[in-house]
Amino acid sequence: MNTTFARSVRSLSPLSLALLLLLVIIGGACTKSNEDDSIELLSTVPADASAVAVLNLNIIVDRCGGSVKGGKIIDPGKLDDLARKMLKPDQQKVALWLLSSESGIECSSAVYFAYRGQDYLYALVTDVEALRNSIDNLWPGEWLTTGKVTHKNRAAICNGRLLLLPNADASVAETFANLSEPESFSSNGYATTLAKSTDAMCAWATIEGMMKASSLSFSEQAMAKMALGMSFNTPKYLTATADIDSDGTTVTASILDANMKPAKCELQLSKLDTKLIASLGGNANTVVAASVSEKLVKQFVQLAQSFGGNMPQAYNDALASLDGTLVIALSEDLSKIDSDNVGYKGAIQTNGKNNATLLQTLEAFTGKATIDGNTFLFGNEGYGNGIAPLADVAKQFEGAWLGVATAVPVADTKETGSLYLTLIPDGNSLKLKAYMQVK
(Lines give C-alpha, C1' and ligand atoms only; values in the text may rest on other atoms or scores of the structure.)
Protein backbone atom coordinates (compact mmCIF):
# COMPACT_ATOMS: atom_id res chain seq x y z
CA MET A 1 0.00 0.00 0.00
CA ASN A 2 2.84 2.39 0.88
CA THR A 3 4.51 1.75 -2.50
CA THR A 4 1.26 2.34 -4.38
CA PHE A 5 0.70 5.62 -2.53
CA ALA A 6 4.23 6.79 -3.31
CA ARG A 7 3.79 6.04 -7.02
CA SER A 8 0.52 7.99 -7.06
CA VAL A 9 2.12 11.06 -5.48
CA ARG A 10 5.07 10.97 -7.90
CA SER A 11 2.65 10.99 -10.84
CA LEU A 12 1.42 14.51 -9.95
CA SER A 13 2.75 17.47 -11.91
CA PRO A 14 5.06 19.95 -10.10
CA LEU A 15 2.24 22.53 -10.12
CA SER A 16 -0.44 20.26 -8.65
CA LEU A 17 1.98 18.67 -6.19
CA ALA A 18 3.10 22.09 -4.96
CA LEU A 19 -0.50 23.17 -4.47
CA LEU A 20 -1.58 19.96 -2.77
CA LEU A 21 1.42 19.93 -0.45
CA LEU A 22 0.85 23.59 0.34
CA LEU A 23 -2.69 22.70 1.36
CA VAL A 24 -1.45 19.83 3.50
CA ILE A 25 0.75 22.14 5.57
CA ILE A 26 -1.64 25.09 5.67
CA GLY A 27 -5.27 24.80 6.69
CA GLY A 28 -8.38 26.87 7.18
CA ALA A 29 -10.25 29.08 9.60
CA CYS A 30 -13.66 30.58 10.06
CA THR A 31 -13.39 33.97 8.40
CA LYS A 32 -15.02 35.94 5.61
CA SER A 33 -16.17 34.04 2.54
CA ASN A 34 -14.77 34.66 -0.93
CA GLU A 35 -18.04 33.36 -2.36
CA ASP A 36 -18.48 35.85 -5.22
CA ASP A 37 -14.90 35.44 -6.43
CA SER A 38 -15.19 31.65 -6.22
CA ILE A 39 -18.43 31.63 -8.20
CA GLU A 40 -16.81 33.77 -10.90
CA LEU A 41 -13.88 31.38 -11.25
CA LEU A 42 -16.02 28.23 -11.09
CA SER A 43 -18.10 29.57 -13.99
CA THR A 44 -15.01 29.18 -16.21
CA VAL A 45 -14.28 25.58 -15.18
CA PRO A 46 -15.68 22.89 -17.54
CA ALA A 47 -18.65 21.00 -16.14
CA ASP A 48 -16.96 17.66 -16.80
CA ALA A 49 -13.81 18.45 -14.80
CA SER A 50 -12.86 15.38 -12.77
CA ALA A 51 -11.60 17.35 -9.75
CA VAL A 52 -12.16 20.91 -8.53
CA ALA A 53 -10.77 22.68 -5.45
CA VAL A 54 -11.34 26.20 -4.14
CA LEU A 55 -8.33 27.72 -2.38
CA ASN A 56 -9.01 30.71 -0.12
CA LEU A 57 -5.63 32.42 -0.38
CA ASN A 58 -6.37 35.16 2.16
CA ILE A 59 -7.27 32.53 4.76
CA ILE A 60 -4.04 30.67 4.08
CA VAL A 61 -2.04 33.84 4.72
CA ASP A 62 -4.10 34.71 7.79
CA ARG A 63 -3.55 31.29 9.35
CA CYS A 64 0.18 31.69 8.80
CA GLY A 65 0.16 34.86 10.88
CA GLY A 66 0.31 37.17 7.87
CA SER A 67 -1.95 39.99 6.76
CA VAL A 68 -3.87 40.99 3.62
CA LYS A 69 -5.15 44.45 2.71
CA GLY A 70 -7.13 45.36 -0.39
CA GLY A 71 -6.55 41.91 -1.90
CA LYS A 72 -2.77 42.26 -1.57
CA ILE A 73 -0.46 40.44 0.82
CA ILE A 74 1.16 42.91 3.21
CA ASP A 75 2.95 40.36 5.37
CA PRO A 76 3.29 36.63 4.48
CA GLY A 77 3.86 35.66 8.11
CA LYS A 78 5.23 32.15 8.48
CA LEU A 79 4.17 31.14 4.97
CA ASP A 80 7.67 31.34 3.47
CA ASP A 81 9.20 29.35 6.32
CA LEU A 82 6.51 26.67 6.11
CA ALA A 83 6.87 26.31 2.36
CA ARG A 84 10.67 25.99 2.58
CA LYS A 85 10.27 23.45 5.35
CA MET A 86 7.62 21.31 3.67
CA LEU A 87 8.14 21.70 -0.09
CA LYS A 88 10.92 20.76 -2.47
CA PRO A 89 12.72 23.65 -4.24
CA ASP A 90 10.78 23.43 -7.54
CA GLN A 91 7.49 23.27 -5.63
CA GLN A 92 8.49 26.18 -3.41
CA LYS A 93 9.07 28.37 -6.46
CA VAL A 94 5.48 28.06 -7.69
CA ALA A 95 3.82 28.14 -4.26
CA LEU A 96 5.75 31.18 -2.98
CA TRP A 97 5.17 33.07 -6.22
CA LEU A 98 1.43 32.40 -6.01
CA LEU A 99 1.25 33.92 -2.54
CA SER A 100 3.79 36.73 -2.88
CA SER A 101 2.94 40.44 -2.64
CA GLU A 102 4.51 41.06 -6.08
CA SER A 103 2.55 38.41 -7.97
CA GLY A 104 -0.19 40.72 -9.23
CA ILE A 105 -2.73 38.10 -8.15
CA GLU A 106 -5.63 39.02 -5.86
CA CYS A 107 -5.27 37.33 -2.49
CA SER A 108 -8.81 35.97 -2.53
CA SER A 109 -10.04 32.79 -4.20
CA ALA A 110 -8.10 30.55 -6.54
CA VAL A 111 -9.46 27.43 -8.22
CA TYR A 112 -7.54 24.27 -9.09
CA PHE A 113 -9.14 21.76 -11.46
CA ALA A 114 -8.28 18.60 -13.35
CA TYR A 115 -9.69 18.29 -16.87
CA ARG A 116 -9.07 15.49 -19.35
CA GLY A 117 -5.98 14.34 -17.52
CA GLN A 118 -4.41 17.82 -17.19
CA ASP A 119 -4.03 20.19 -14.20
CA TYR A 120 -5.08 23.87 -14.29
CA LEU A 121 -5.17 26.73 -11.80
CA TYR A 122 -7.26 29.93 -11.94
CA ALA A 123 -6.64 33.13 -9.97
CA LEU A 124 -7.97 36.68 -10.20
CA VAL A 125 -5.66 39.42 -11.48
CA THR A 126 -5.41 42.82 -9.73
CA ASP A 127 -2.30 44.22 -11.44
CA VAL A 128 -1.57 42.96 -14.96
CA GLU A 129 1.80 44.69 -15.18
CA ALA A 130 2.97 43.26 -11.84
CA LEU A 131 1.70 39.83 -12.90
CA ARG A 132 3.59 39.94 -16.17
CA ASN A 133 6.77 41.04 -14.41
CA SER A 134 6.50 38.26 -11.86
CA ILE A 135 5.89 35.68 -14.59
CA ASP A 136 8.94 37.01 -16.46
CA ASN A 137 10.97 36.12 -13.37
CA LEU A 138 9.38 32.69 -13.16
CA TRP A 139 9.48 31.53 -16.78
CA PRO A 140 11.51 32.54 -19.86
CA GLY A 141 9.94 33.31 -23.25
CA GLU A 142 8.02 36.04 -25.10
CA TRP A 143 4.48 37.26 -24.46
CA LEU A 144 2.03 36.47 -27.26
CA THR A 145 -1.58 37.53 -27.96
CA THR A 146 -4.17 35.16 -29.40
CA GLY A 147 -7.69 36.57 -29.58
CA LYS A 148 -8.49 37.94 -26.12
CA VAL A 149 -5.74 35.88 -24.49
CA THR A 150 -2.27 37.15 -23.59
CA HIS A 151 0.01 34.24 -22.85
CA LYS A 152 3.57 33.17 -22.18
CA ASN A 153 4.93 29.71 -21.48
CA ARG A 154 2.31 28.11 -19.16
CA ALA A 155 0.53 31.33 -18.15
CA ALA A 156 -2.52 32.83 -19.88
CA ILE A 157 -4.36 36.05 -18.98
CA CYS A 158 -7.95 36.50 -20.13
CA ASN A 159 -10.81 38.69 -18.82
CA GLY A 160 -9.00 39.57 -15.59
CA ARG A 161 -8.15 35.97 -14.78
CA LEU A 162 -4.85 34.13 -14.76
CA LEU A 163 -4.93 30.53 -15.96
CA LEU A 164 -1.88 28.37 -15.27
CA LEU A 165 -1.71 25.72 -17.96
CA PRO A 166 -0.22 22.20 -18.06
CA ASN A 167 1.72 23.19 -21.20
CA ALA A 168 2.23 26.12 -23.57
CA ASP A 169 -1.08 25.60 -25.43
CA ALA A 170 -3.15 28.64 -24.44
CA SER A 171 -6.05 27.97 -26.83
CA VAL A 172 -8.23 26.55 -24.03
CA ALA A 173 -8.12 29.81 -22.04
CA GLU A 174 -10.63 31.63 -24.27
CA THR A 175 -12.77 28.49 -24.59
CA PHE A 176 -13.03 28.18 -20.82
CA ALA A 177 -13.76 31.92 -20.48
CA ASN A 178 -16.84 31.62 -22.74
CA LEU A 179 -18.51 28.57 -21.20
CA SER A 180 -22.29 28.77 -20.81
CA GLU A 181 -23.73 27.91 -17.39
CA PRO A 182 -24.71 24.32 -18.38
CA GLU A 183 -21.19 23.87 -19.77
CA SER A 184 -19.47 25.14 -16.62
CA PHE A 185 -18.93 23.69 -13.16
CA SER A 186 -21.43 26.26 -11.84
CA SER A 187 -24.12 23.78 -12.86
CA ASN A 188 -22.66 21.13 -10.53
CA GLY A 189 -24.67 20.52 -7.37
CA TYR A 190 -21.55 20.87 -5.22
CA ALA A 191 -20.40 24.21 -6.69
CA THR A 192 -22.22 26.29 -4.07
CA THR A 193 -20.61 24.31 -1.25
CA LEU A 194 -17.16 24.95 -2.72
CA ALA A 195 -17.89 28.67 -3.23
CA LYS A 196 -19.22 29.21 0.30
CA SER A 197 -16.38 27.35 2.01
CA THR A 198 -14.38 29.28 4.60
CA ASP A 199 -11.72 26.58 4.84
CA ALA A 200 -8.35 27.15 3.24
CA MET A 201 -9.27 24.40 0.80
CA CYS A 202 -12.49 22.67 -0.16
CA ALA A 203 -12.36 20.04 -2.91
CA TRP A 204 -14.63 17.78 -4.94
CA ALA A 205 -13.65 14.96 -7.31
CA THR A 206 -15.09 11.99 -9.14
CA ILE A 207 -13.73 8.67 -7.94
CA GLU A 208 -13.50 7.48 -11.54
CA GLY A 209 -11.44 10.53 -12.51
CA MET A 210 -9.09 10.07 -9.57
CA MET A 211 -8.53 6.45 -10.52
CA LYS A 212 -7.66 7.36 -14.11
CA ALA A 213 -5.32 10.15 -13.01
CA SER A 214 -3.45 7.89 -10.60
CA SER A 215 -0.50 5.65 -11.49
CA LEU A 216 -2.38 2.56 -10.32
CA SER A 217 -2.29 -0.39 -12.71
CA PHE A 218 -5.50 -1.70 -14.24
CA SER A 219 -5.63 -4.56 -11.73
CA GLU A 220 -4.96 -2.20 -8.80
CA GLN A 221 -7.75 0.11 -9.99
CA ALA A 222 -10.09 -2.86 -10.28
CA MET A 223 -9.26 -3.95 -6.73
CA ALA A 224 -9.74 -0.42 -5.40
CA LYS A 225 -13.12 -0.09 -7.11
CA MET A 226 -14.16 -3.50 -5.80
CA ALA A 227 -13.19 -2.54 -2.25
CA LEU A 228 -15.12 0.73 -2.49
CA GLY A 229 -18.14 -1.04 -3.93
CA MET A 230 -18.13 -3.55 -1.07
CA SER A 231 -17.70 -0.86 1.55
CA PHE A 232 -20.12 1.81 0.31
CA ASN A 233 -23.50 2.00 -1.40
CA THR A 234 -22.97 3.56 -4.88
CA PRO A 235 -19.77 5.52 -4.14
CA LYS A 236 -19.20 8.13 -6.85
CA TYR A 237 -17.55 11.30 -5.50
CA LEU A 238 -14.89 12.32 -3.01
CA THR A 239 -14.89 15.60 -1.07
CA ALA A 240 -12.22 17.04 1.21
CA THR A 241 -11.42 20.06 3.37
CA ALA A 242 -8.23 21.23 5.09
CA ASP A 243 -7.84 22.82 8.52
CA ILE A 244 -4.99 23.81 10.85
CA ASP A 245 -4.35 24.31 14.56
CA SER A 246 -1.30 25.21 16.60
CA ASP A 247 0.05 21.66 16.46
CA GLY A 248 -0.52 20.53 12.90
CA THR A 249 -2.76 20.22 9.86
CA THR A 250 -5.86 18.10 9.31
CA VAL A 251 -7.42 16.98 6.02
CA THR A 252 -10.86 15.37 6.20
CA ALA A 253 -12.35 13.43 3.26
CA SER A 254 -15.74 11.83 2.65
CA ILE A 255 -17.28 9.54 0.03
CA LEU A 256 -20.51 10.75 -1.59
CA ASP A 257 -23.12 8.79 -3.53
CA ALA A 258 -24.70 9.67 -6.88
CA ASN A 259 -26.97 12.19 -5.11
CA MET A 260 -23.94 13.87 -3.52
CA LYS A 261 -25.00 12.68 -0.08
CA PRO A 262 -22.64 10.78 2.29
CA ALA A 263 -22.49 7.26 0.86
CA LYS A 264 -23.86 4.59 3.20
CA CYS A 265 -21.13 2.36 4.58
CA GLU A 266 -22.06 -1.30 4.21
CA LEU A 267 -19.53 -2.57 6.77
CA GLN A 268 -20.42 -3.55 10.34
CA LEU A 269 -18.32 -0.92 12.10
CA SER A 270 -17.30 -0.55 15.73
CA LYS A 271 -14.80 1.72 17.48
CA LEU A 272 -11.25 1.16 18.69
CA ASP A 273 -10.54 0.46 22.35
CA THR A 274 -8.06 3.29 22.83
CA LYS A 275 -7.43 2.32 26.46
CA LEU A 276 -6.00 -0.98 25.20
CA ILE A 277 -3.76 0.87 22.72
CA ALA A 278 -2.47 3.23 25.42
CA SER A 279 -1.85 0.29 27.78
CA LEU A 280 0.86 -1.09 25.46
CA GLY A 281 3.06 1.80 26.62
CA GLY A 282 6.39 2.89 25.20
CA ASN A 283 7.05 4.78 21.98
CA ALA A 284 6.61 3.64 18.37
CA ASN A 285 7.29 4.83 14.83
CA THR A 286 4.32 2.94 13.36
CA VAL A 287 1.02 1.89 14.90
CA VAL A 288 -1.77 0.03 13.07
CA ALA A 289 -5.10 -0.66 14.79
CA ALA A 290 -8.52 -1.90 13.70
CA SER A 291 -11.76 -2.70 15.47
CA VAL A 292 -12.93 -6.11 14.25
CA SER A 293 -16.25 -7.25 15.65
CA GLU A 294 -17.78 -10.72 15.27
CA LYS A 295 -20.30 -9.23 12.84
CA LEU A 296 -17.54 -7.75 10.68
CA VAL A 297 -15.64 -11.06 10.64
CA LYS A 298 -18.77 -12.88 9.47
CA GLN A 299 -19.29 -10.21 6.81
CA PHE A 300 -15.73 -10.60 5.49
CA VAL A 301 -16.00 -14.40 5.47
CA GLN A 302 -19.26 -14.23 3.53
CA LEU A 303 -17.74 -11.81 1.03
CA ALA A 304 -14.72 -14.07 0.56
CA GLN A 305 -16.96 -17.08 0.00
CA SER A 306 -19.06 -15.16 -2.53
CA PHE A 307 -15.88 -14.74 -4.60
CA GLY A 308 -14.99 -18.40 -4.27
CA GLY A 309 -12.39 -17.88 -1.54
CA ASN A 310 -12.04 -20.66 1.05
CA MET A 311 -9.50 -20.62 3.86
CA PRO A 312 -8.28 -23.61 5.89
CA GLN A 313 -10.61 -24.44 8.75
CA ALA A 314 -7.96 -23.52 11.34
CA TYR A 315 -7.84 -19.97 9.98
CA ASN A 316 -11.63 -19.74 9.93
CA ASP A 317 -11.71 -20.85 13.56
CA ALA A 318 -9.03 -18.33 14.49
CA LEU A 319 -10.88 -15.50 12.75
CA ALA A 320 -14.11 -16.48 14.51
CA SER A 321 -12.37 -15.67 17.81
CA LEU A 322 -11.82 -12.03 16.90
CA ASP A 323 -14.09 -9.52 18.60
CA GLY A 324 -12.60 -6.15 19.48
CA THR A 325 -9.42 -4.20 18.83
CA LEU A 326 -6.37 -5.52 16.98
CA VAL A 327 -3.28 -3.34 17.41
CA ILE A 328 0.42 -3.64 16.62
CA ALA A 329 3.08 -1.02 17.37
CA LEU A 330 6.42 -1.10 15.53
CA SER A 331 9.81 0.48 16.14
CA GLU A 332 10.26 1.37 12.44
CA ASP A 333 8.28 3.59 10.06
CA LEU A 334 6.23 2.10 7.22
CA SER A 335 9.07 2.26 4.70
CA LYS A 336 11.25 -0.02 6.84
CA ILE A 337 8.86 -2.56 8.34
CA ASP A 338 10.10 -5.27 5.96
CA SER A 339 13.59 -5.10 7.47
CA ASP A 340 14.87 -7.70 9.93
CA ASN A 341 14.86 -7.21 13.69
CA VAL A 342 11.88 -4.84 13.78
CA GLY A 343 10.74 -4.31 17.35
CA TYR A 344 7.01 -4.78 17.89
CA LYS A 345 4.30 -5.11 20.52
CA GLY A 346 0.65 -5.90 19.99
CA ALA A 347 -2.68 -7.03 21.36
CA ILE A 348 -5.79 -8.80 20.06
CA GLN A 349 -9.17 -8.83 21.78
CA THR A 350 -11.34 -11.94 21.38
CA ASN A 351 -14.74 -13.32 22.31
CA GLY A 352 -13.18 -16.24 24.20
CA LYS A 353 -14.17 -18.80 21.55
CA ASN A 354 -11.50 -20.95 19.90
CA ASN A 355 -8.76 -19.14 21.83
CA ALA A 356 -6.47 -22.16 21.59
CA THR A 357 -6.67 -22.14 17.80
CA LEU A 358 -6.05 -18.39 17.64
CA LEU A 359 -3.10 -18.72 20.01
CA GLN A 360 -1.55 -21.44 17.86
CA THR A 361 -2.02 -19.35 14.70
CA LEU A 362 -0.69 -16.21 16.36
CA GLU A 363 2.43 -17.92 17.71
CA ALA A 364 3.19 -19.28 14.25
CA PHE A 365 3.71 -15.68 13.13
CA THR A 366 4.88 -13.84 16.25
CA GLY A 367 6.51 -16.44 18.45
CA LYS A 368 5.43 -16.52 22.09
CA ALA A 369 2.10 -14.92 23.01
CA THR A 370 0.26 -14.66 26.32
CA ILE A 371 -3.42 -14.45 27.27
CA ASP A 372 -4.85 -11.92 29.71
CA GLY A 373 -8.54 -12.73 30.03
CA ASN A 374 -9.77 -12.60 26.44
CA THR A 375 -6.89 -10.42 25.22
CA PHE A 376 -3.78 -11.84 23.52
CA LEU A 377 -0.52 -9.98 24.05
CA PHE A 378 2.64 -10.45 21.98
CA GLY A 379 5.89 -8.67 21.20
CA ASN A 380 9.69 -8.77 21.30
CA GLU A 381 12.53 -7.07 23.12
CA GLY A 382 13.28 -4.69 20.23
CA TYR A 383 10.12 -2.65 20.83
CA GLY A 384 10.14 0.74 22.52
CA ASN A 385 12.13 3.12 20.32
CA GLY A 386 10.04 5.67 18.43
CA ILE A 387 8.92 9.30 18.30
CA ALA A 388 5.26 8.81 19.31
CA PRO A 389 4.16 7.70 22.81
CA LEU A 390 1.35 5.13 22.55
CA ALA A 391 -0.76 7.26 24.88
CA ASP A 392 -0.61 10.13 22.35
CA VAL A 393 -1.42 7.78 19.46
CA ALA A 394 -4.44 6.47 21.36
CA LYS A 395 -5.80 10.02 21.67
CA GLN A 396 -5.49 10.52 17.90
CA PHE A 397 -7.36 7.23 17.32
CA GLU A 398 -10.29 8.17 19.59
CA GLY A 399 -13.64 7.41 17.92
CA ALA A 400 -12.05 5.66 14.92
CA TRP A 401 -12.75 2.26 13.42
CA LEU A 402 -9.27 2.00 11.93
CA GLY A 403 -6.09 3.95 12.56
CA VAL A 404 -2.56 4.14 11.14
CA ALA A 405 0.19 6.29 12.64
CA THR A 406 3.69 6.52 11.21
CA ALA A 407 6.78 8.70 11.30
CA VAL A 408 7.40 10.53 8.02
CA PRO A 409 10.34 12.62 6.76
CA VAL A 410 9.69 16.34 6.19
CA ALA A 411 10.63 17.27 2.58
CA ASP A 412 14.41 17.59 2.24
CA THR A 413 15.00 18.46 5.91
CA LYS A 414 16.33 16.20 8.64
CA GLU A 415 13.13 16.67 10.63
CA THR A 416 10.54 13.97 11.15
CA GLY A 417 6.80 14.41 11.47
CA SER A 418 3.97 12.15 12.57
CA LEU A 419 1.18 11.24 10.15
CA TYR A 420 -2.09 9.92 11.60
CA LEU A 421 -4.68 8.35 9.29
CA THR A 422 -8.04 7.36 10.76
CA LEU A 423 -11.31 6.03 9.35
CA ILE A 424 -14.12 7.36 11.54
CA PRO A 425 -17.79 6.25 11.56
CA ASP A 426 -19.89 9.28 10.62
CA GLY A 427 -23.60 8.62 10.89
CA ASN A 428 -24.23 5.75 8.47
CA SER A 429 -21.12 6.67 6.47
CA LEU A 430 -17.36 6.74 7.02
CA LYS A 431 -14.87 9.59 6.75
CA LEU A 432 -11.09 9.72 6.46
CA LYS A 433 -9.08 12.04 8.68
CA ALA A 434 -5.41 12.70 7.99
CA TYR A 435 -3.46 14.67 10.58
CA MET A 436 0.14 15.78 10.00
CA GLN A 437 2.09 16.90 13.05
CA VAL A 438 5.55 18.41 12.63
CA LYS A 439 7.71 19.27 15.61
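Worth saying up front: this structure is predicted, and the values here are computed from it rather than measured. (Residues numbered from 1 in each chain as written. Predicted model: local features only at pLDDT ≥ 70, side-chain atom pairs only at ≥ 80, totals over all residues. Heavy atoms only, no water.)

A. Examining the packing of aromatic side chains more closely. Tallying each qualifying case throughout the model produces nine aromatic pairs. Ring geometry for Tyr420 and Tyr435: centres 6.0 Å apart, planes at 25°, overall stacked. Placement of Tyr420 in strand S21 (residues 416-426) and of Tyr435 in strand S22 (residues 429-438) is noted, with a sequence separation of 15 residues between them. On the basis of relative accessibility, which here comes to 5%, the residue Tyr420 falls in the buried class. Since its relative accessible area comes to 6%, Tyr435 is described here as buried. (Phe/Tyr/Trp six-rings, centres within 6.5 Å; stacked < 30°, edge-to-face > 60°. Helix = DSSP H or I, 4+ residues; strand = E, 2+ residues; numbered from the N terminus. Buried < 20%, exposed > 50% of the residue type's maximum accessible area, 1.4 Å probe, protein only.)

B. Summary view of helix H11 (residues 218-231). The terminal C-alpha atoms of H11 lie 20 Å apart, and with 14 residues this matches the ideal 20 Å at 1.5 Å per residue to within 8%. Within H11 the residues assigned to the buried category are Gln221, Leu228 and Ser231. Looking straight down H11, one finds its buried side chains confined to an arc of 100°; they lie on one side. Opposite the buried face of H11, at more than 90 degrees from it, the exposed residues are Phe218 and Met223. (Expected span 1.5 Å × (residues − 1). Arc of directions from axis to C-beta.)

C. Broad picture of the pattern of salt bridges. Within the structure shown, the criterion is met by four salt bridges. A salt bridge links Glu40 to Arg161, with the shortest nitrogen-to-oxygen separation between them at 3.6 Å. A residue pair is termed long-range when its members are at least 10 positions apart, and Glu40 in helix H3 (residues 35-42) and Arg161 in strand S9 (residues 161-164) qualify at 121 residues. Glu40 sits in the partly exposed class, given a relative accessible area of 31%. Look at Arg161 and you get buried, because its relative accessible area is 12%. A salt bridge links Lys353 to Glu294; the shortest N-O distance between them is 3.4 Å. Taken together, the positions of Lys353 in the loop between strand S16 (344-350) and helix H15 (355-366) and Glu294 in helix H13 (residues 294-306) put the pair 59 residues apart, joining distant regions of the chain. (Salt bridge = Lys/Arg side-chain N within 4 Å of Asp/Glu carboxyl O.)

D. Representation of the environment of Ala173 within the structure. Mapped onto the elements of the fold, Ala173 is located in helix H8 (residues 171-177). In this structure the C-alpha to C-alpha distance between Ala173 and Cys158, which are 15 residues apart in sequence, comes to 7.0 Å. If we ignore the near neighbours within four places in the chain, the residues touching Ala173 are Val149, Ala156 and Leu163. (Contact = heavy atoms within 4.5 Å.)

E. Representation of unusual backbone geometry in the model. A positive phi angle, close to 50°, is found at Asn153, a residue other than glycine. Considering the arrangement of structural elements, one finds Asn153 in the loop between strand S7 (149-152) and strand S8 (155-158). Of note, Asn159 is a non-glycine position whose phi angle comes to about 55°, a positive value. Along the chain, Asn159 turns up in the loop between S8 and S9. Relative accessible area serves as the criterion here: at 45%, Asn159 is assigned to the partly exposed category.

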